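Structural description and commentary
Residue-level listing of the chains:
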Amino acid sequence: MEITFLGTGTSQGIPIIGSDHPVCLSNDPKDKRLRVSILVEWENYTYVVDCGPDFRQQMLANKVEKIDGILLTHEHNDHIIGLDDVRPFYFKQGDISVYAHPRVIKALKKRFDYVFETVNKYPGTPTLAIVELNDNPFQIGNLEVVPVNVWHHKLQVYAFRLGDFAYVTDAKTIDEEELEKLKGVKVLTVNALRKEPHLSHFNLEEALDFIRKINPERAYLTHISHLMGFHEEVEKELPENVFLAYDNLKITI
Ligand SMILES: [Zn+2]
């Protein structure tokens, strides 16, 4: 299985528009972060997790020619607002499968009402094949997908375990029984916003604690704010099996 980090930044991305923060002004390409998403490829499948405002740019940068489906973690704008840009895939392939929690689907119907229009739908509007998720694991090809509940302050968010890999974004807390579902993964990706505590995201220390509990072979941090600091400096402070993810990083599992 191959994972490509399409974006590793928090909701505003890095650089932030108009910001003169040193990290926003950095020339290191690893300090430039689009909004979070990953591309997951295995067998003949290509999926993305989340579809934020940078989706088009991310598909172009990675020369993605087809997608078989989109797994959504939650309905915040930085995770869904690129959905209209599935059109090039829709024109080639037909309806695009979108997997999400029923609450997220309700939000999509509000935000993208025209996509769900059944009467006089505007030509050229994509059609989404909606798959309602619940907590039950399901199969895509030979891969088992396990939805795992995490808390983003008071909002339920789905993390996904995909075989030996798990992707946990926008988490601040996790219930003990959900944590169990992540045990045994070889590679873990987890959100780490910054060093200071935050209401709805792990900070660096909480992310490292979480990684120790799961104990994977390797872990990657994502959903990073400019306040975390320069990539090159923060990377040096991390345990030897923990890395800061960066845009367009590819890993094989
Ligand atoms: Zn987010």
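Calculation rules
- Residues numbered from 1 in each chain as written.
- Predicted model: local features only at pLDDT ≥ 70, side-chain atom pairs only at ≥ 80, totals over all residues.
- Helix = DSSP H or I, 4+ residues; strand = E, 2+ residues; numbered from the N terminus.
- Pairing = 2+ DSSP bridges.
- Axes fitted to C-alpha atoms, helices over the stretch in contact; angles between N-to-C directions.

- The protein goes by Phosphoribosyl 1,2-cyclic phosphate phosphodiesterase in an unreviewed UniProt entry, where it is assigned to Mesonia oceanica.

1. A short note on unusual backbone geometry
- Residues Ile 14 and Pro 15 are joined by a peptide bond in cis, for which omega reads 0°.
- Relative to the elements of secondary structure, Pro 15 occurs in the loop between strand 1 (2–7) and strand 2 (37–42).
- Residues other than glycine seldom take positive phi values, yet Asp 170 does so here, at roughly 55°.
- Along the chain, Asp 170 falls in the loop between strand 10 (165–168) and helix 5 (176–180).
- The backbone of Asn 215 shows a phi angle near 60°, a positive value even though the residue is not glycine.
- Turning to its location among the elements, Asn 215 is positioned in the loop between helix 6 (204–214) and strand 12 (218–222).

2. Here we look at the sheet that holds strand 2
- Here we have 7 strands laid out as an open sheet, ordered 6-5-4-3-2-1-14, and mixed in their pairing. Lying at the two open borders of the sheet, with one neighbouring strand each, are strand 6 (128–132) and strand 14 (250–252). Along the sheet, successive strands turn relative to each other by an average axial angle of 25°, direction set aside.
- In terms of strand pairing, strand 5 (residues 96–100) meets strand 6 through 5 bridges, oriented parallel. Pairing of Ala 100 across the sheet is with Glu 132, part of strand 6.

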